[in-house]
Amino acid sequence: MAEATILASGEAIAARRRFRVLRKLLHHRSFMAGFIIVAVMVIAALCAPLTGVDPNQMRVRLRFRPPSEVNWFGTDQFGRDLFTRTLYGAQLSLWIGLAVAVLSGVVGAAIGVLSAQFRRLDSLLMRIMDALMAAPAILLAIGLGAALGPQTHSVIIALAVAYIPRTARIVRASALVTRELEFIEAARVSGASSMRIMFKHLLPNASGPLLVQSTFVFAFAILAEAALSFIGIGPPPPAPSWGNIIAEGRQFAVQSWWIMLFPGFAISLAALGMNLLGDGLRDVLDPRLKVES
Amino acid sequence: MFRGIMMRLSQAVPVLLIFSVMVFMLMHLLPGDPALAIAGPDASPEAVQKIREQLGLDRPLIVQLLEWFSHLAVGNFGESLTLKQSVISAVGERLPVTLSLSFVSLVVTLPIGIGLGVVAAYWRNSWIDAWVMVLALLGVSLPGFWVGILSVLYFSVQLGWFPPSGYVPLTEGGVGPWLASLIQPAVVLALFQIGFLARITRSAMLDVLDQDFIRTARAKGVDEWTTISKHAFRNTLIPVVTVLGITLSLLVGGSVVIEQVFALPGIGRLIVQGILNRDYPLVQGTMLLFGFAFVVINILVDIIYTIVDPRVRYG
Amino acid sequence: MAVPLLEVDDLTVRFRTDAGWMTAVDRVSLAVGEGEALGIVGESGSGKSVTALSILRLHAAATTRMPTGKIHYGGKDLLTLPTREMRQIRGGEIAMIFQDPMSSLNPVLTIADQIGESLRLHQGVDQATARKRAIELLDLVRIPDAARRVDEYPHRLSGGMRQRVMIAIAIACRPKLLIADEPTTALDVTIQAQILDLLRDLQRELGMSVILITHDMGVIAEFARRVMVMYAGRVVETAPVGQMFRRPVHPYTEGLLTAIPKLDVDVRRLPTIAGSIPDPTAVIPGCRYSPRCPQVQESCRRDSPALLPAGPEREARCPPRVAAMAKETVA
């Protein structure tokens, strides 16, 4: 009964807070800049089929065409239209970024909350997280990506695993603070189950830092995916991944600079948009949180 | 402090154990048969089987794992399958390259990254702050390998200022050629770290500048430069030092990719080639050495932390 | 009073807030004589701390418009003094201590360094001498075992001890004026009394003038000779301490006095002033206290009251009460 009242008023407060957060975000310059960049990229990615060109169609006679009215970003060594390939690359990169952010966010949040709630699991889970962080994230992803084979989903899994530990640590830290608050004590005394405490209290209270972290993971994942593709451990060619296009265009870079130029801009823009979005979310949701990676 | 270090070391043991098991399992997930890779595509099934037995790959995984551990215990990191040399010597050969690259990059990163953060915080909300933050944001948003290629196109191909690729050891050409071969990759590598550190330093410095003790210093008649350099800066370093481990991790991770761009024969290239050649003892051993290195680095970071923050020093 | 040591004329300080510019300090004038102890009292948000910070130009530069008015000290105007000269005055001739001793000391510097810094800056002494003088100063502010404490970092000291260190820093260069901004508010009651005793003894020994800022009438009664009461950025009453306690003129002062708990009287509920301090950005016509004043009259809500003389050395910003008092004196 007592808990119900607390929750009811809590929900009203939460609703009002959500409204205030939204208003603050709409007035936040870097958040809106990031939002517009990401929105434009998503729309561009979704509109890729509208060019009416097959991104993998080779036309030998049209090789190495510089940017023109017909081929806005030029063509590559096989005569493929780079504008179309870059748009399809946006689909691939944004999908990988989103999947990595969601996957590492969900698993990381689960591990973080479990560690905070069950002290016995804590030391084991945290040692595993430490072990995953023992090597640089990109190196771990290279190893995992290679082990899982050259496919899009293995890149997603590899990058998600590499970023899980930091997310787990952030959620755990937030949940440990929440656990000490009085209303959790009240909930526990009134017989709330561990599950209820974790999902009703610990997790919602960690949602701000979790969202911020996931946004930055999205940005990192876009950069890391491109780097993996560049090394040769990404989605296999002829997949129009931005990293692949740059890797393939690299050997022709001196004469046909445009091949590798535009996909690089696309990567930069996507990462920039997500970073701006993350900065805005951090300022509004969790001003004390420092940049994490 | 000594006790603190011992405690950190004892905590590191299970971490390294879990890490090495993970690395071992990872390498045995690698698709493709190393025996087949060594024997070549034309070898007979019998020959492949023979190599497999020689390498002990036909035995149960747990036996292989225990054997690997027993070798590690005596400092034997195994033999490379493709390089005809031990993992230790392969790593030893390439370590100076990666260390040099990381060192030069760090020397570029620390003063610029921290300096930009301090400057941005001191002149907060001014045009200086705005520009520094835009640069920092670009630093963490531009893909290093792409910037590297563009940089080679411009500074090496177009202007001819730096060699486009390759490494000149310190022992061969002296400091000049060594630095010339490293400065371009090191700066490209530093861009991300500079952006990362500048952002962290700025927010740490902003926190410190709002503290009461800064007002106390000004009330004493301390000038602005001393207020910043003596009173604010040391306090700013505390949170910056905590991310030093992450910075180094990002740096070494980034060097793996940058070594590909500039064809530097470092550990990053070694490990990528090992993966592509299914040379699992090599990858396994190198990864493990990375793990050891970062355990040591993180302990060093903790020591620096206790030097910077007297509150930790006394516990 | 002969020529005062410090004289503030029409000081006005404006801040930028989310809701626009607000006036934190509105044409405040005050004077402190040599060796005098002036108390400034008011609720939080009354502008008393901003007034004190402005004297040394320590207000947050980013959000504050340059204060207007004049601050006379030693024949100079502190508001227009070049920065270099201002730095010589800060800590050298006018020193300041703050409310929260826990955060006012630098956590990464030793006590010796933090006390010695003033001495090195203003008196040009070397490191060894500075350390020796720091030990003497710690003795002077009654910190036991000073020779050992001097090399420690602030986190090893209690709040009371840290405030003593702050006082040691402030008096290191024998300033002529000490501004103490709520020096006891953050401390335990027993420690509060010790710190006040210490400040009073030091004032006498060193012959300093002191401006003590507080919201606590009890502290004022113990420490100050003259009191200035501030409300919503304005001075509402100034008076010698005894007279003010015996016979407050402004209804706000009266309210503050009745809100002091008395040990010898058993009261169920402490009387409080109804309402709360107004939003600093709100525009209140007439007397700013009128919305809360129990004796409010029609004219109070309409006319902005002036600070009127109300007897020798007394002023009050309440025309009805001043007029009533004048009638009494005549009769």
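The present account deals with the structure reproduced in this document. (Residues numbered from 1 in each chain as written. Chains lettered and ligands numbered in written order. Predicted model: local features only at pLDDT ≥ 70, side-chain atom pairs only at ≥ 80, totals over all residues. Heavy atoms only, no water.)

1. A look at the environment of aspartate 58 of chain B
Residues and elements named next belong to chain B. Note the cut-off: Here a strand is any run of E in DSSP of at least two residues, a helix any run of H or I of at least four, and the numbering for each starts at the N terminus. Whether two residues touch is decided by their heavy atoms; if any such pair falls within 4.5 Å, the residues are in contact.
By the secondary structure assignment, aspartate 58 is in the loop between helix H3 (45-55) and helix H4 (61-73). Each C-alpha atom, one on aspartate 58 and one on phenylalanine 155, is 52 Å from the other, the two residues being 97 residues apart in sequence. Among all residues touching aspartate 58, those that are not within four sequence positions of it are Arg52 and Glu53.

2. Let's talk about the nonpolar core
The condition is simple: In these notes, a set of buried Ala, Val, Leu, Ile, Met, Phe, Trp, Tyr and Cys residues joined through side-chain atoms within 4.5 Å is what counts as a nonpolar core. Buried means the residue's accessible area, taken with a 1.4 Å probe over protein chains only, is under 20% of the maximum for its type, while exposed means over 50%, and partly exposed covers the values in between.
One finds Val100 and Leu159 of chain A together with Phe145 of chain B to be the most contacted residues of the largest nonpolar core, which totals 142 residues. Per element, the largest residue contribution to this core is 15 residues, and it comes from helix H9 (residues 207-231) of chain A. In this structure, valine 100 of chain A is in contact with Gly105, Ile156, Leu159, Ala160, Tyr163, Val217 and Ala221 of chain A, ignoring residues within four places of it in sequence. Grouped together as the second largest cluster of nonpolar side chains are 79 residues, Leu79, Leu81, Ala146 and Phe223 of chain C included.

3. With respect to the sheet that holds strand S5 (residues 76-77) of chain C
Residue and element names in this part refer to chain C. To keep things clear, this is the line we draw: If DSSP finds at least two bridges between two strands, the strands pair. Axis geometry follows a simple rule: fit a line to the C-alpha atoms, using only the stretch in contact for helices, then measure angles between N-to-C directions, giving values from 0 to 180 degrees.
In spatial order, the strands read S2-S1-S4-S5; together these 4 strands make up an open sheet with antiparallel pairing. Looking at strand neighbours, the two that pair on one side only are strand S2 (20-32) and S5, the edges of this open sheet. Inspection of the sheet shows strand S1 (residues 6-17) paired to S2 by 9 bridges, in the antiparallel sense. Following the sheet pairing, phenylalanine 15 is matched in S2 by methionine 22. Against the sheet, helix H1 (residues 48-55) engages S1, S2 and strand S4 (64-73), with an angle of about 115° to S1.

4. Section: a positive patch on the surface
The test is simple: To count toward a patch, a residue needs a relative accessible area above 30% and no salt bridge. Like charges then connect within 9 Å, nonpolar side chains (Val, Leu, Ile, Met, Phe, Trp, Tyr) within 5 Å. Each accessible area is a Shrake-Rupley estimate made with a 1.4 Å probe; only the visible protein chains count as cover when residues are assessed. The salt bridge definition used is simple: a Lys or Arg side-chain nitrogen within 4 Å of an Asp or Glu carboxyl oxygen. Note that His is not counted, nor are the chain ends; the positive residues are Lys and Arg, and the negative ones are Asp and Glu. Charge positions come from single atoms, namely NZ of Lys, CZ of Arg, CG of Asp or CD of Glu.
A cluster of like positive charges, contributed by Arg16, Arg17, Arg18, Arg20, Arg23 and Lys24 of chain A, occupies part of the molecular surface. The residue arginine 16 of chain A is located in helix H1 (residues 2-26) in this model.

5. Side note on the pattern of salt bridges
Residue and element names in this part refer to chain C. Counted according to the given criterion, the structure contains 35 salt bridges over all chains. The partner of glutamate 43 in a salt bridge is arginine 292, with the nearest N and O atoms 3.3 Å apart. With glutamate 43 in the loop between strand S3 (37-41) and H1 and arginine 292 in the loop between helix H11 (251-258) and strand S11 (308-309), this pair connects stretches of sequence that are 249 residues apart. Glutamate 43 gets classed as partly exposed once you look at its relative accessible area, which sits at 23%. We classify arginine 292 as buried; its relative accessible area is 10%.

6. Observations concerning the sheet that holds strand S7 (residues 177-181) of chain C
All names here are of chain C. Spatially, 8 strands are ordered S6-S7-S8-S3-S9-S10-S12-S11 in an open sheet, and the strand pairing comes out mixed. The open sheet terminates on both sides in strands that have one partner only, identified here as strand S6 (94-97) and S11. Pairing of strand S10 (residues 234-240) with strand S12 (residues 315-316) involves 2 bridges; the strand directions are antiparallel. Bridge assignment links glutamate 237 to a residue of S12, and that residue is alanine 316. Packing of helix H7 (residues 159-171) onto the sheet brings it into contact with S6 and S7, and relative to S6 it is tilted by some 170°.

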